[in-house]
Amino acid sequence: MAGGQDREMEEIQCSPAVTHQDINRYCDYCPQRCDKCRRVMQNALQIVTKTEESVRKNFQITCYCEHFSLCFSSGKRENEIVVQMFEGEIDVTLTNRNQDRETEEIQCSPAVTHQDINRHCEYCPQRCDNCRRVMQKARVIVTETEKSVREDFQITCYCEHFSSCFSSGKRENKIVVQMVEGEIRVTTTERSQSRDPEQIRCNPAVTHLDINKYRDYCPKKCDNCRHLIQKTSLIVTETGESCRKDFEITCHGDHIALCFWSGSRGNSIVVQVVNGEIYVTTNRKTWNESLRSVFQRNRISLLGTFLCVAGMAMKTFGSSIPIPYLPEIGTALVLIGTAVSGADAITDVNTYQIT
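Not measured: the values here are computed from a predicted model. (Residues numbered from 1 in each chain as written. Predicted model: local features only at pLDDT ≥ 70, side-chain atom pairs only at ≥ 80, totals over all residues. Heavy atoms only, no water.)

### Some points on the overall build of the protein chain
Secondary structure assignment for the protein chain yields 11 helices and 15 strands. In the protein chain, buried positions account for 44% of the 355 residues. Carbon and sulfur atoms form 49% of the exposed surface of the protein chain, whose accessible area is close to 19,500 Å². (Helix = DSSP H or I, 4+ residues; strand = E, 2+ residues; numbered from the N terminus. Buried < 20%, exposed > 50% of the residue type's maximum accessible area, 1.4 Å probe, protein only. Areas by Shrake-Rupley, 256 points an atom, 1.4 Å probe, with all protein chains shown as cover.)

And the structure:
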């Protein structure tokens with residue numbers, strides 16, 4: 001903690017706004033004329049100089065210096081900044097209170113539109129540029145968002161002098177637009193992935209036919225969900241059958257959540273829509289797990305194949321170099337191997353996808 005925080009705070013009331021002249025008067029206020037105090041005050045001076053006047057009319061900037069503490073304030077002090085020295089470096093903390101005020105709710109039906117946002121672009125009582133920028137950004141977002149999404153939508157705008165929340169339907173897709181340190185910040189929250197996926201069991205394997213049944217499953221009939229199912233169908237089509245017998249593929253769309261599975265779900269894939277783009281995440285078995293699975297399923301066939309290969313080698317070698325009984329032993333091994341594994345020993349080994 002800076003040493004200045006331990007002593008009494010001197011309050012400087014500024015009207016109508018905190019200005020760089022107010023700060024400048026105290027740049028050499030330190031009784032010791034120390035460099036640390038001067039650096040804190042100079043940093044505060046730079047912050048105030050760069051801050052828009054509409055913000056500085058409801059402003060508080062507190063300076064914790066090495067040998068004194070000052071608080072410059074104006075209006076309702078809605079925007080707070082603390083400047084202090086911490087471990088030899090200047091530390092600046094910003095607290096914007098505009099999110100604490102009551103948010104005006106605007107219900108839009110059937111969907112939030114750019115016209116709804118446009119009505120509030122000049123809503124700021126101070127007509128400040130920061131509020132206008134936040135609302136213009138919100139308007140661009142709404143304009144670029146598909147209607148089916150905007151029918152279950154919420155976009156909240158935290159501006160310098162007011163807060164508005166535009167909503168429709170179940171508010172399943174949330175966006176927050178706000179000004180942070182002079183920059184527009186956008187935060188999105190989509191609820192589609194928070195719901196439990198509907199479970200679809202496929203036997204004996206997941207197939208593209210199982211997926212295609214859900215191509216138009218989206219209640220909003222939106223393009224994003226349709227593209228999601230089409231991508232899922234393509235992935236399943238390109239996946240080997242043996243892999244699809246032990247498989248799970250989960251789809252997270254704007255309005256649907258589906259999980260197609262078979263067997264013990266050894267191979268897992270997640271397909272999801274994020275900001276209009278489709279992302280695929282795979283979680284395949286490790287080499288050891290996959291090899292173990294292949295061996296467990298085909299151990300008898302593998303043994304039979306080994307005996308057949310060994311027997312053929314003995315027959316060939318025994319025929320070229322006369323060795324008593326070697327060809328006969330080879331023939332016997334081939335017969336035993338064929339009997340153990342059957343005629344089609346391990347015909348499906350090549351279909352296993354081991355990654």
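Read on, since the account is not over.
### Re the pattern of salt bridges
Scanning the model with the defined rule gives 13 salt bridges in all. The shortest N-O distance in the salt bridge between Asp22 and Arg25 comes to 3.0 Å. When its relative accessible area of 59% is taken as the criterion, Arg25 is described as exposed. In this structure, a network of salt bridges that share partners links the residues Asp28, Asp35 and Arg38. (Salt bridge = Lys/Arg side-chain N within 4 Å of Asp/Glu carboxyl O.)

### A closer look at helix H2 (residues 35–50)
The terminal C-alpha atoms of H2, which comprises 16 residues, lie 23 Å apart, in line with the 22 Å expected from a rise of 1.5 Å per residue. Of all the positions in H2, only Cys37, Val40, Met41, Ala44, Leu45, Ile47 and Val48 are classed as buried. One side of H2 holds all its buried residues, which, seen down the axis, span an arc of 165°. Away from its buried face, by an angle of more than 90 degrees, H2 presents the exposed residues Thr49 and Lys50. (Expected span 1.5 Å × (residues − 1). Arc of directions from axis to C-beta.)

### Here we look at the side chain of Glu248
Among the secondary structure elements, Glu248 is positioned in strand S12 (residues 247–252). Residue classification places Glu248 among the buried residues on the basis of a relative accessible area of 17%. When near neighbours in sequence (up to four residues on either side) are disregarded, Glu248 contacts Cys259, Phe260, Trp261, Arg265, Asn267, Ser268 and Ile269. (Contact = heavy atoms within 4.5 Å.)

### Observations regarding the environment of Phe153
Mapped onto the secondary structure, Phe153 falls in strand S7 (residues 153–158). Residue Phe153 is classed as buried on the basis of its relative accessible area, which comes to 1%. Expressed as a C-alpha distance, the spacing of Phe153 and Glu172, which sit 19 residues apart in the sequence, is 5.7 Å.

### Things to note about the state of the cysteines
Two cysteines whose sulfur atoms are joined by a covalent bond form what is called a disulfide. Tallied over the full model, the rule gives zero disulfides. Cysteine Cys65 is unpaired, with the sulfur of Cys37 as its nearest cysteine sulfur at 4.8 Å. This cysteine, Cys218, is not joined by any disulfide, and Cys225 carries the nearest cysteine sulfur, 3.7 Å off. For Cys218, a relative accessible area of 3% gives the class buried. (Disulfide = S-S within 2.5 Å.)

### Some details on the nonpolar core
Residues Val18, Ile23, Met41, Ile61 and Phe72 are the most contacted members of the largest nonpolar core, which totals 26 residues. Among the secondary structure elements, those contributing two or more residues to this core are H2, strand S2 (59–64), strand S3 (69–74) and strand S4 (79–86). Among the elements that take part in this core, H2 stands out by supplying seven residues, more than any other. In this structure, Val18 is in contact with Ile23, Val48, Arg56, Phe59, Ile61, Phe72, Ser73 and Ser74, ignoring residues within four places of it in sequence. Listed in part, the 23 residues of the second largest apolar core include Cys124, Ile141, Val142 and Phe162. (Core = buried A, V, L, I, M, F, W, Y, C linked by side-chain atoms within 4.5 Å.)

### Some details on helix H8 (residues 223–237)
Each α-helix turn comprises 3.6 residues. Residues three or four places apart therefore point the same way. Between its first and last C-alpha, H8 extends 21 Å over 15 residues, near the 21 Å set by a 1.5 Å rise per residue. Every buried residue belonging to H8 is among Asn224, Cys225, Leu228, Ile229, Thr232, Ser233, Ile235 and Val236, and all of these are buried.

### Some details on the pairing of S7
Among the six residues of S7, six are classified as buried, and the element is accordingly described as predominantly covered. Judged from the six bridges that link them, S7 and strand S8 (residues 163–168) form a sheet pairing that is antiparallel. In the sheet register, Tyr158 faces S8, and the bridge partner there is Ser163. Hairpin connection of S7 to S8: four residues between the antiparallel strands. (Pairing = 2+ DSSP bridges.)

### Details of the packing of aromatic side chains
In this structure the tally under the stated criterion is six aromatic pairs. Consider the rings of Tyr26 and Tyr29, whose centres lie 5.0 Å apart with planes at 65°: the pair is edge-to-face. Centroid distance Tyr214 to Phe260: 5.4 Å. Interplanar angle 80°. Geometry classified as edge-to-face. Of the two residues, Tyr214 is situated in the loop between helix H7 (208–212) and H8 and Phe260 in strand S13 (residues 257–262); the sequence distance between them amounts to 46 residues. The pair formed by Tyr214 and Phe260 is uniform in burial state, with each residue classed as buried. Three or more aromatic residues joined by ring pairs make a cluster, and in this case those are Tyr26, Tyr29, Phe68 and Phe72. The ring of Trp261 carries Arg265 above its face, with NZ or CZ at 4.0 Å from the centroid. (Phe/Tyr/Trp six-rings, centres within 6.5 Å; stacked < 30°, edge-to-face > 60°. Lys NZ or Arg CZ within 6 Å of the ring centre and 35° of its normal.)

### Some points on the confidence of the model for the protein chain
Chain-level statistics for the protein chain give a pLDDT mean of 80 and a share of 80% at 70 or above. Here residues 284–291 scores under 50 on pLDDT; set against residues more than four positions off or in separate chains, the count is 16 contacts. pLDDT under 50 marks residues 343–355. Its contacts with residues more than four places away, or in other chains, come to 28 contacts. (pLDDT = per-residue confidence, 0-100.)

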